[in-house]
Amino acid sequence: MDTNIQKFQAFVKTVDLGSFTKAAEALSCSQSGISRMIGDLEKEWGMTLLERGRTGIRLTPDGTRLLPEARALCDSYDRLQSSVDEINGIHSGIIRIGSLSSVATHWLPRIFGRFLTDYPDVKYEVLLGDYAEIENWIVEGRVDFGFLRIPTVRNLDTTFLSRDPLMAVLPKGHPLAELDVVPIEELCREDFILVEKKSRSDAGELLKQHGLQPNVRFKTWDDNTVLAVVEAGYGVTILSELILRRNPFDVEIRPLDVPAYRDIGIAMRDHETTSAAVRRFLGYLPLRDDMVNNFLAGMGEAFRARTLPEDNPGTDKMDL
(Lines give C-alpha, C1' and ligand atoms only; values in the text may rest on other atoms or scores of the structure.)
Protein backbone atom coordinates (compact mmCIF):
# COMPACT_ATOMS: atom_id res chain seq x y z
CA MET A 1 0.00 0.00 0.00
CA ASP A 2 1.21 3.54 -0.75
CA THR A 3 2.66 5.08 2.40
CA ASN A 4 0.74 8.33 1.84
CA ILE A 5 -2.55 6.39 1.80
CA GLN A 6 -1.56 4.79 5.10
CA LYS A 7 -0.92 8.22 6.58
CA PHE A 8 -4.28 9.51 5.38
CA GLN A 9 -6.00 6.43 6.83
CA ALA A 10 -4.24 6.94 10.16
CA PHE A 11 -5.40 10.56 10.26
CA VAL A 12 -9.02 9.79 9.34
CA LYS A 13 -9.35 6.75 11.61
CA THR A 14 -7.86 8.61 14.59
CA VAL A 15 -10.38 11.42 14.17
CA ASP A 16 -13.29 9.01 13.70
CA LEU A 17 -12.42 6.90 16.75
CA GLY A 18 -11.13 9.70 18.92
CA SER A 19 -7.84 8.12 19.99
CA PHE A 20 -4.53 6.82 18.71
CA THR A 21 -5.04 3.53 20.53
CA LYS A 22 -8.40 2.74 18.90
CA ALA A 23 -7.11 3.78 15.48
CA ALA A 24 -4.09 1.48 15.93
CA GLU A 25 -6.38 -1.46 16.77
CA ALA A 26 -8.63 -0.77 13.78
CA LEU A 27 -5.70 -0.54 11.36
CA SER A 28 -3.71 -3.41 12.91
CA CYS A 29 -0.86 -1.06 13.71
CA SER A 30 1.02 0.08 16.82
CA GLN A 31 0.00 3.26 18.64
CA SER A 32 3.43 4.73 18.05
CA GLY A 33 3.08 3.94 14.35
CA ILE A 34 -0.19 5.88 14.13
CA SER A 35 1.34 8.83 15.98
CA ARG A 36 4.40 8.79 13.74
CA MET A 37 2.38 8.74 10.50
CA ILE A 38 0.25 11.69 11.58
CA GLY A 39 3.39 13.49 12.69
CA ASP A 40 4.90 12.88 9.25
CA LEU A 41 1.84 14.42 7.60
CA GLU A 42 2.07 17.46 9.81
CA LYS A 43 5.75 17.92 8.90
CA GLU A 44 5.14 17.43 5.18
CA TRP A 45 2.24 19.91 5.16
CA GLY A 46 3.81 22.36 7.59
CA MET A 47 0.81 22.52 9.91
CA THR A 48 -0.73 20.95 13.00
CA LEU A 49 -3.67 18.65 12.30
CA LEU A 50 -4.51 17.41 15.79
CA GLU A 51 -4.16 18.87 19.25
CA ARG A 52 -3.32 16.34 21.95
CA GLY A 53 -4.59 16.90 25.47
CA ARG A 54 -5.60 15.15 28.66
CA THR A 55 -9.17 14.84 27.40
CA GLY A 56 -8.07 13.26 24.12
CA ILE A 57 -7.58 14.72 20.66
CA ARG A 58 -9.33 17.40 18.69
CA LEU A 59 -8.99 18.78 15.20
CA THR A 60 -7.26 22.08 14.59
CA PRO A 61 -8.83 24.52 12.11
CA ASP A 62 -6.37 23.28 9.46
CA GLY A 63 -7.17 19.67 10.30
CA THR A 64 -10.91 20.38 10.08
CA ARG A 65 -10.47 21.88 6.63
CA LEU A 66 -8.35 19.00 5.29
CA LEU A 67 -10.27 16.08 6.86
CA PRO A 68 -12.98 15.85 4.11
CA GLU A 69 -10.31 15.71 1.39
CA ALA A 70 -8.33 13.04 3.25
CA ARG A 71 -11.51 11.04 3.84
CA ALA A 72 -12.44 11.25 0.14
CA LEU A 73 -9.00 9.92 -0.83
CA CYS A 74 -9.34 7.00 1.61
CA ASP A 75 -12.84 6.17 0.34
CA SER A 76 -11.64 6.29 -3.27
CA TYR A 77 -8.75 3.95 -2.45
CA ASP A 78 -11.11 1.51 -0.72
CA ARG A 79 -13.35 1.44 -3.79
CA LEU A 80 -10.35 0.87 -6.04
CA GLN A 81 -9.10 -1.98 -3.87
CA SER A 82 -12.57 -3.55 -3.79
CA SER A 83 -12.70 -3.50 -7.59
CA VAL A 84 -9.26 -5.14 -7.81
CA ASP A 85 -10.26 -7.80 -5.30
CA GLU A 86 -13.52 -8.42 -7.13
CA ILE A 87 -11.81 -8.91 -10.47
CA ASN A 88 -9.27 -11.28 -8.99
CA GLY A 89 -11.92 -13.06 -6.98
CA ILE A 90 -14.21 -13.68 -9.94
CA HIS A 91 -11.60 -14.73 -12.47
CA SER A 92 -9.74 -17.11 -10.20
CA GLY A 93 -10.13 -19.13 -7.03
CA ILE A 94 -12.54 -21.85 -5.98
CA ILE A 95 -16.24 -21.96 -5.15
CA ARG A 96 -17.16 -24.62 -2.60
CA ILE A 97 -20.76 -25.83 -2.68
CA GLY A 98 -22.74 -28.18 -0.46
CA SER A 99 -25.54 -29.79 -2.41
CA LEU A 100 -28.32 -32.32 -2.41
CA SER A 101 -27.74 -35.05 -4.96
CA SER A 102 -30.85 -34.09 -6.94
CA VAL A 103 -29.79 -30.44 -7.20
CA ALA A 104 -26.26 -31.43 -8.24
CA THR A 105 -27.70 -33.68 -10.94
CA HIS A 106 -30.44 -31.50 -12.39
CA TRP A 107 -29.58 -27.86 -11.63
CA LEU A 108 -25.84 -27.43 -11.29
CA PRO A 109 -24.70 -28.70 -14.73
CA ARG A 110 -26.68 -26.02 -16.53
CA ILE A 111 -25.47 -23.27 -14.18
CA PHE A 112 -21.87 -24.50 -14.38
CA GLY A 113 -21.98 -24.59 -18.14
CA ARG A 114 -22.86 -20.92 -18.49
CA PHE A 115 -20.67 -19.71 -15.61
CA LEU A 116 -17.61 -21.60 -16.86
CA THR A 117 -18.05 -20.00 -20.26
CA ASP A 118 -17.85 -16.55 -18.67
CA TYR A 119 -15.25 -17.40 -16.00
CA PRO A 120 -13.19 -20.37 -17.23
CA ASP A 121 -10.51 -20.13 -14.53
CA VAL A 122 -12.85 -20.56 -11.56
CA LYS A 123 -12.75 -24.04 -10.01
CA TYR A 124 -15.47 -25.85 -8.07
CA GLU A 125 -15.75 -28.28 -5.22
CA VAL A 126 -19.17 -29.89 -4.69
CA LEU A 127 -19.86 -31.91 -1.54
CA LEU A 128 -22.98 -34.09 -1.56
CA GLY A 129 -24.85 -34.57 1.69
CA ASP A 130 -28.16 -34.52 3.48
CA TYR A 131 -29.75 -31.46 5.09
CA ALA A 132 -27.91 -31.76 8.42
CA GLU A 133 -24.53 -32.35 6.81
CA ILE A 134 -24.86 -29.38 4.47
CA GLU A 135 -25.88 -27.09 7.34
CA ASN A 136 -22.85 -28.22 9.35
CA TRP A 137 -20.52 -27.64 6.40
CA ILE A 138 -21.84 -24.07 6.05
CA VAL A 139 -21.45 -23.30 9.75
CA GLU A 140 -17.94 -24.80 9.84
CA GLY A 141 -16.90 -22.87 6.72
CA ARG A 142 -16.18 -26.03 4.75
CA VAL A 143 -18.44 -24.75 1.93
CA ASP A 144 -19.27 -21.20 0.83
CA PHE A 145 -22.98 -21.95 0.56
CA GLY A 146 -25.32 -24.89 0.19
CA PHE A 147 -28.52 -26.02 -1.49
CA LEU A 148 -30.87 -27.58 1.05
CA ARG A 149 -34.37 -27.66 2.49
CA ILE A 150 -35.49 -24.42 4.11
CA PRO A 151 -36.19 -23.11 6.65
CA THR A 152 -32.96 -24.38 8.14
CA VAL A 153 -32.45 -25.63 11.68
CA ARG A 154 -29.46 -23.32 12.17
CA ASN A 155 -29.63 -19.53 11.98
CA LEU A 156 -28.33 -19.10 8.44
CA ASP A 157 -28.81 -16.49 5.72
CA THR A 158 -31.27 -18.19 3.35
CA THR A 159 -33.31 -17.50 0.26
CA PHE A 160 -36.09 -19.53 -1.35
CA LEU A 161 -35.48 -20.95 -4.82
CA SER A 162 -38.10 -23.55 -5.68
CA ARG A 163 -41.00 -25.55 -4.28
CA ASP A 164 -40.39 -29.23 -5.07
CA PRO A 165 -43.53 -31.44 -4.96
CA LEU A 166 -43.47 -34.80 -3.16
CA MET A 167 -44.93 -37.70 -5.11
CA ALA A 168 -46.07 -41.24 -4.41
CA VAL A 169 -43.87 -43.83 -6.16
CA LEU A 170 -45.42 -47.26 -6.79
CA PRO A 171 -44.54 -50.49 -8.57
CA LYS A 172 -46.12 -51.08 -11.95
CA GLY A 173 -49.55 -52.67 -11.60
CA HIS A 174 -49.96 -51.64 -7.96
CA PRO A 175 -53.64 -51.10 -7.03
CA LEU A 176 -52.96 -47.55 -5.80
CA ALA A 177 -51.61 -46.67 -9.24
CA GLU A 178 -55.20 -46.80 -10.52
CA LEU A 179 -55.97 -43.68 -8.47
CA ASP A 180 -55.41 -40.17 -9.78
CA VAL A 181 -54.42 -39.03 -6.29
CA VAL A 182 -52.92 -41.37 -3.68
CA PRO A 183 -54.00 -41.08 0.01
CA ILE A 184 -50.93 -41.00 2.27
CA GLU A 185 -52.79 -43.18 4.82
CA GLU A 186 -52.93 -45.94 2.21
CA LEU A 187 -49.18 -45.68 1.61
CA CYS A 188 -48.56 -46.26 5.32
CA ARG A 189 -50.39 -49.58 5.11
CA GLU A 190 -47.95 -50.80 2.47
CA ASP A 191 -44.33 -51.89 2.90
CA PHE A 192 -42.60 -48.53 2.87
CA ILE A 193 -39.13 -47.78 1.49
CA LEU A 194 -37.67 -44.78 3.33
CA VAL A 195 -34.93 -42.48 2.07
CA GLU A 196 -33.17 -41.23 5.18
CA LYS A 197 -29.69 -40.57 6.52
CA LYS A 198 -28.77 -38.37 9.50
CA SER A 199 -31.61 -35.86 9.24
CA ARG A 200 -35.30 -36.66 8.96
CA SER A 201 -36.39 -37.31 5.38
CA ASP A 202 -39.02 -35.32 3.48
CA ALA A 203 -41.36 -38.32 3.56
CA GLY A 204 -40.74 -38.81 7.27
CA GLU A 205 -41.50 -35.14 7.99
CA LEU A 206 -44.68 -35.25 5.90
CA LEU A 207 -46.03 -38.38 7.58
CA LYS A 208 -45.16 -37.03 11.02
CA GLN A 209 -47.12 -33.85 10.30
CA HIS A 210 -50.19 -35.97 9.65
CA GLY A 211 -49.65 -38.23 12.65
CA LEU A 212 -48.87 -41.27 10.51
CA GLN A 213 -46.33 -44.04 11.09
CA PRO A 214 -45.20 -45.88 7.95
CA ASN A 215 -44.50 -49.60 7.88
CA VAL A 216 -40.80 -49.18 7.04
CA ARG A 217 -39.43 -52.31 5.44
CA PHE A 218 -36.26 -50.90 3.96
CA LYS A 219 -34.23 -47.75 4.67
CA THR A 220 -31.36 -46.30 2.63
CA TRP A 221 -29.81 -42.98 1.66
CA ASP A 222 -29.43 -43.74 -2.06
CA ASP A 223 -32.31 -42.59 -4.27
CA ASN A 224 -31.55 -45.07 -7.06
CA THR A 225 -31.55 -47.99 -4.62
CA VAL A 226 -34.99 -46.95 -3.38
CA LEU A 227 -36.34 -46.73 -6.91
CA ALA A 228 -34.86 -50.12 -7.81
CA VAL A 229 -36.51 -51.72 -4.77
CA VAL A 230 -39.86 -50.15 -5.65
CA GLU A 231 -39.51 -51.28 -9.27
CA ALA A 232 -38.90 -54.82 -8.03
CA GLY A 233 -42.26 -54.69 -6.22
CA TYR A 234 -40.99 -54.75 -2.63
CA GLY A 235 -42.67 -51.57 -1.44
CA VAL A 236 -43.77 -47.99 -2.06
CA THR A 237 -42.16 -44.66 -1.27
CA ILE A 238 -42.47 -40.88 -1.42
CA LEU A 239 -39.86 -38.88 -3.34
CA SER A 240 -39.60 -35.36 -4.66
CA GLU A 241 -40.19 -34.43 -8.29
CA LEU A 242 -36.60 -33.25 -8.66
CA ILE A 243 -35.29 -36.68 -7.64
CA LEU A 244 -37.67 -38.38 -10.06
CA ARG A 245 -36.60 -36.47 -13.17
CA ARG A 246 -35.25 -38.64 -15.96
CA ASN A 247 -35.32 -41.68 -13.68
CA PRO A 248 -34.73 -44.90 -15.68
CA PHE A 249 -36.88 -47.12 -13.44
CA ASP A 250 -40.22 -48.55 -14.51
CA VAL A 251 -42.41 -47.21 -11.71
CA GLU A 252 -45.71 -45.37 -11.31
CA ILE A 253 -45.67 -41.76 -10.07
CA ARG A 254 -48.80 -40.15 -8.62
CA PRO A 255 -49.59 -36.97 -6.68
CA LEU A 256 -50.59 -37.23 -3.03
CA ASP A 257 -53.94 -36.27 -1.55
CA VAL A 258 -52.45 -33.63 0.79
CA PRO A 259 -50.22 -30.58 0.22
CA ALA A 260 -46.80 -32.20 -0.08
CA TYR A 261 -43.58 -30.47 -1.02
CA ARG A 262 -40.13 -29.40 0.14
CA ASP A 263 -38.88 -25.84 -0.22
CA ILE A 264 -35.39 -25.76 -1.70
CA GLY A 265 -33.18 -22.75 -1.14
CA ILE A 266 -29.61 -21.69 -0.71
CA ALA A 267 -28.05 -20.97 2.66
CA MET A 268 -24.82 -19.36 3.83
CA ARG A 269 -23.43 -17.84 6.98
CA ASP A 270 -23.59 -14.25 5.74
CA HIS A 271 -24.42 -13.08 2.24
CA GLU A 272 -22.64 -9.76 2.77
CA THR A 273 -19.24 -11.35 3.44
CA THR A 274 -19.17 -13.88 0.62
CA SER A 275 -16.49 -13.64 -2.06
CA ALA A 276 -17.04 -11.80 -5.31
CA ALA A 277 -16.93 -15.09 -7.23
CA VAL A 278 -19.68 -16.60 -5.06
CA ARG A 279 -21.87 -13.49 -5.36
CA ARG A 280 -21.49 -13.55 -9.13
CA PHE A 281 -22.22 -17.30 -9.23
CA LEU A 282 -25.46 -16.74 -7.29
CA GLY A 283 -26.56 -14.39 -10.04
CA TYR A 284 -26.57 -17.38 -12.42
CA LEU A 285 -29.10 -19.36 -10.36
CA PRO A 286 -32.07 -18.22 -12.50
CA LEU A 287 -30.54 -20.30 -15.31
CA ARG A 288 -31.79 -23.46 -13.61
CA ASP A 289 -34.59 -24.89 -15.71
CA ASP A 290 -38.37 -24.48 -15.53
CA MET A 291 -39.15 -28.20 -15.56
CA VAL A 292 -40.90 -27.99 -12.19
CA ASN A 293 -43.41 -25.44 -13.42
CA ASN A 294 -43.95 -27.38 -16.65
CA PHE A 295 -44.46 -30.58 -14.66
CA LEU A 296 -46.97 -28.99 -12.31
CA ALA A 297 -48.89 -27.40 -15.15
CA GLY A 298 -49.43 -30.85 -16.57
CA MET A 299 -50.81 -32.11 -13.25
CA GLY A 300 -53.74 -29.68 -13.33
CA GLU A 301 -54.78 -26.56 -11.44
CA ALA A 302 -56.12 -28.41 -8.39
CA PHE A 303 -52.76 -30.04 -7.81
CA ARG A 304 -50.92 -26.77 -8.38
CA ALA A 305 -53.08 -24.99 -5.82
CA ARG A 306 -52.44 -27.73 -3.27
CA THR A 307 -48.72 -27.83 -3.93
CA LEU A 308 -47.81 -24.22 -4.62
CA PRO A 309 -49.48 -21.83 -2.18
CA GLU A 310 -48.80 -18.15 -2.78
CA ASP A 311 -46.58 -17.65 0.24
CA ASN A 312 -43.50 -19.57 1.30
CA PRO A 313 -43.35 -19.01 5.07
CA GLY A 314 -40.16 -19.49 7.01
CA THR A 315 -37.75 -18.29 4.36
CA ASP A 316 -35.61 -15.18 4.36
CA LYS A 317 -35.16 -13.06 1.30
CA MET A 318 -31.93 -11.71 -0.15
CA ASP A 319 -30.97 -10.24 -3.46
CA LEU A 320 -29.12 -12.62 -5.71
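Up top is the structure these notes are about.
Only a predicted model underlies this, so the values are computations on that prediction, with no experimental measurement involved. (Residues numbered from 1 in each chain as written. Predicted model: local features only at pLDDT ≥ 70, side-chain atom pairs only at ≥ 80, totals over all residues. Heavy atoms only, no water.)

**Things to note about the overall build of the protein**
Then, in step 1: The secondary structure content of the protein amounts to 14 helices and 11 strands.
Then, in step 2: Of all 320 residues assigned to the protein, the portion counted as buried reaches 46%.
Then, in step 3: Expressed as a percentage of contacts within the protein between residues at least 6 apart in sequence, the contacts between residues at least 24 apart total 73%.
Then, in step 4: Surface accessibility of the protein: about 16700 Å² in total, with carbon and sulfur atoms responsible for 47%. (Helix = DSSP H or I, 4+ residues; strand = E, 2+ residues; numbered from the N terminus. Buried < 20%, exposed > 50% of the residue type's maximum accessible area, 1.4 Å probe, protein only. Contact = heavy atoms within 4.5 Å. Areas by Shrake-Rupley, 256 points an atom, 1.4 Å probe, with all protein chains shown as cover.)

**Digging into the side chain of S102**
Then, in step 1: Summarising the element assignment, S102 is placed in helix α5 (residues 101-106).
Then, in step 2: S102 sits in the buried class, given a relative accessible area of 6%.
Then, in step 3: A polar side-chain atom of S102 sits 2.9 Å from a polar atom in the side chain of R262.
Then, in step 4: Aside from chain neighbours lying at most four places away, what touches S102 is W107, L242, I243 and R262. (Polar contact = N/O pair within 3.5 Å; in protein donor to acceptor, adjacent residues only side chain to side chain.)

**Describing unusual backbone geometry**
Then, in step 1: The residue after I150, namely P151, is reached through a cis peptide bond having omega 5°.
Then, in step 2: Within the element layout of this structure, P151 appears in the loop between β5 (145-149) and β6 (157-171).
Then, in step 3: Within the chain, R246 stands out as a residue other than glycine whose phi angle is a positive 55°.
Then, in step 4: Within the fold, R246 resides in the loop between α11 (241-244) and β10 (251-255).
Then, in step 5: For R246, a relative accessible area of 60% gives the class exposed.

**Focus: helix α7 (residues 131-140)**
Then, in step 1: Residues of α7 that are buried include every one of Y131, E133, I134, E135, W137 and I138, and no others.
Then, in step 2: Structurally, α7 contributes buried residues whose contacts are with β3 (94-99), β4 (123-128), β5, α9 (202-209) and β11 (261-268).
Then, in step 3: Once α7 ends, the next one or two residues include G141, with phi positive near 80°.

**Looking at the packing of aromatic side chains**
Then, in step 1: All told, the structure shown has 11 aromatic pairs when counted by the stated rule.
Then, in step 2: With centroids separated by 6.0 Å and ring planes inclined at 55°, the aromatic side chains of Y124 and F281 adopt a geometry described as tilted. Here Y124, found in strand β4, pairs with F281, found in helix α12 (residues 276-282); they are 157 residues apart in sequence, far enough to count as distant.
Then, in step 3: For Y124, a relative accessible area of 21% translates into the label partly exposed. (Phe/Tyr/Trp six-rings, centres within 6.5 Å; stacked < 30°, edge-to-face > 60°.)

**Things to note about the nonpolar core**
Then, in step 1: I95, V103, F145, F147, I266, F281 and L285 are the most contacted members of the largest nonpolar core, which totals 35 residues.
Then, in step 2: Per element, the largest residue contribution to this core is five residues, and it comes from α12.
Then, in step 3: Residue contacts for I95: discarding those within four places in its chain leaves F115, V122, K123, Y124, E125, D144, F145, A277, V278 and F281.
Then, in step 4: Membership of the second largest hydrophobic core comes to 19 residues, among which are L170, I184, L206 and L207. (Core = buried A, V, L, I, M, F, W, Y, C linked by side-chain atoms within 4.5 Å.)

**Here we look at the environment of T64**
Then, in step 1: Inspection of the secondary structure puts T64 in helix α4 (residues 61-91).
Then, in step 2: The class for T64 is partly exposed, based on a relative accessible area of 44%.
Then, in step 3: In this structure the C-alpha to C-alpha distance between T64 and L50, which are 14 residues apart in sequence, comes to 9.1 Å.

**Focus on the side chain of R262**
Then, in step 1: If you trace the backbone, R262 turns up in strand β11.
Then, in step 2: R262 gets classed as buried once you look at its relative accessible area, which sits at 4%.
Then, in step 3: Within the structure, the side chain of R262 is placed 3.1 Å from the side chain of Y131, a separation counted as a polar contact.

**A look at helix α3 (residues 31-45)**
Then, in step 1: Helix length check: α3 (15 residues) gives 22 Å between terminal C-alpha atoms against 21 Å at 1.5 Å per residue, within 8%.
Then, in step 2: Among the residues of α3, those classed as buried are G33, I34, M37, I38, G39, L41 and E42.
Then, in step 3: Two residues or fewer after α3 comes G46, characterised by a positive phi angle close to 65°. (Expected span 1.5 Å × (residues − 1).)

**Regarding the environment of T225**
Then, in step 1: By the secondary structure assignment, T225 is in helix α10 (residues 223-231).
Then, in step 2: Considered as a pair, T225 and V195 are 30 residues apart in the sequence and their alpha carbons are 9.3 Å apart.
Then, in step 3: Leave out the neighbours within four places in its chain, and T225 touches F218 and T220.

**Comments concerning the environment of F218**
Then, in step 1: As for its placement among the helices and strands, F218 is situated in strand β8 (residues 215-220).
Then, in step 2: On the basis of relative accessible area, F218 is assigned to the partly exposed category, the value being 34%.
Then, in step 3: Taking the C-alpha atoms as reference points, F218 and D191, separated by 27 residues in sequence, lie 8.2 Å from one another.
Then, in step 4: Setting aside anything within four residues of it in sequence, one finds F218 in contact with F192, I193, L194, T225 and V229.

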